[in-house]
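# Topology and contacts: notes
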Amino acid sequence: QVQLVESGGGLVEAGGSLRLSCAASGSIISINTMGWYRQAPGKRRELVASISSGRRINYADSVKDRFTISRDNAKNTVYLQMNSLKPEDTAVYLCNAIVRTIVVVPTTLSYWGQGTQVTVSS
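What comes next concerns the included structure. The shown structure was predicted, so the numbers you read here are calculated from the model rather than taken from an experiment. (Residues numbered from 1 in each chain as written. Predicted model: local features only at pLDDT ≥ 70, side-chain atom pairs only at ≥ 80, totals over all residues. Heavy atoms only, no water.)

### Some words on the sheet that holds strand 3 (residues 18–26)
Strand order across the open sheet formed by 4 strands is 1-3-8-7, with antiparallel pairing between neighbours. The open sheet terminates on both sides in strands that have one partner only, identified here as strand 1 (2–7) and strand 7 (67–72). Each strand axis lies, on average, 15 degrees off the axis of its neighbour in the sheet, ignoring direction. Direction of pairing for strand 3 relative to strand 8 (residues 77–82): antiparallel, over a ladder of 6 bridges. (Pairing = 2+ DSSP bridges. Helix = DSSP H or I, 4+ residues; strand = E, 2+ residues; numbered from the N terminus. Axes fitted to C-alpha atoms, helices over the stretch in contact; angles between N-to-C directions.)

### Regarding the pairing of strand 9 (residues 91–103)
In terms of strand pairing, strand 4 (residues 28–39) meets strand 9 through 9 bridges, oriented antiparallel. Looking across to strand 9, one finds that Gln39 is bridged to Val92. What sits between the antiparallel neighbours strand 9 and strand 10 (residues 105–112) is a turn of 1 residue, in which Val104 has the positive phi angle 70 degrees.

### Considering the pattern of salt bridges
For the structure shown, the criterion picks out 4 salt bridges. The salt bridge involving Glu46 is made with Arg38; its shortest N-O contact spans 2.7 Å. Given a relative accessible area of 7%, Arg38 falls into the buried group. The salt bridge involving Asp89 is made with Arg66; its shortest N-O contact spans 2.7 Å. Of this pair, Asp89 sits in the loop between strand 8 and strand 9 while Arg66 sits in the loop between strand 6 (57–59) and strand 7, and the two are 23 residues apart along the sequence. The buried category is assigned to Arg66, whose relative accessible area is 8%. Via salt bridges that share partners, Arg38, Glu46, Arg66 and Asp89 belong to a single interconnected network. (Salt bridge = Lys/Arg side-chain N within 4 Å of Asp/Glu carboxyl O. Buried < 20%, exposed > 50% of the residue type's maximum accessible area, 1.4 Å probe, protein only.)

### Here's the deal with the packing of aromatic side chains
Applying the stated criterion to the full structure yields 1 aromatic pair. For Arg19, the ring lying beneath its charged end belongs to Tyr79, and the centroid distance is 4.3 Å. The cationic tip of Arg45 hangs over the ring face of Trp112; the distance from NZ or CZ to the ring centre is 4.6 Å. (Phe/Tyr/Trp six-rings, centres within 6.5 Å; stacked < 30°, edge-to-face > 60°. Lys NZ or Arg CZ within 6 Å of the ring centre and 35° of its normal.)

### Regarding the state of the cysteines
Among covalent bonds in proteins, the disulfide is the one between the sulfur atoms of two cysteines. Counting across every chain of the model gives 1 disulfide. The disulfide partner of Cys22 is Cys95, and the gap between their sulfur atoms is 2.1 Å. Where Cys22 bonds to Cys95 through sulfur, the torsion about that S-S bond is close to -80 degrees, and the disulfide is left-handed. Note that Cys22 is positioned in strand 3 and Cys95 in strand 9, a separation of 73 residues in sequence. For Cys22, a relative accessible area of 0% gives the class buried. Note on Cys95: relative accessible area 0%, which makes it buried. (Disulfide = S-S within 2.5 Å.)

Take a look at the structure:
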């Protein structure tokens, strides 16, 4: 099995910054893409940012000029640096990883972390 553990969420004022981390562990052969999603109450889960093993990066338009995603392959960890936070960024942020793992035979599966709450006060 594979586990993803997020950390770094919290309460900040508008204009502040947070740095989220997500560490993957378990039966990992390799990790293709890691990404951050967010889900606010009453809203659909949306992709915030993703980064592939080749460091190809995608951002949602709403965060492109404010957030930075990065990864440390040696630590199987992905980060999301969030600057200039707005109240609209308030959500549960969830880590996702496309993982090459072993389930009797080699298999590629998508795993989700438990999420970390980000709240931005006005």
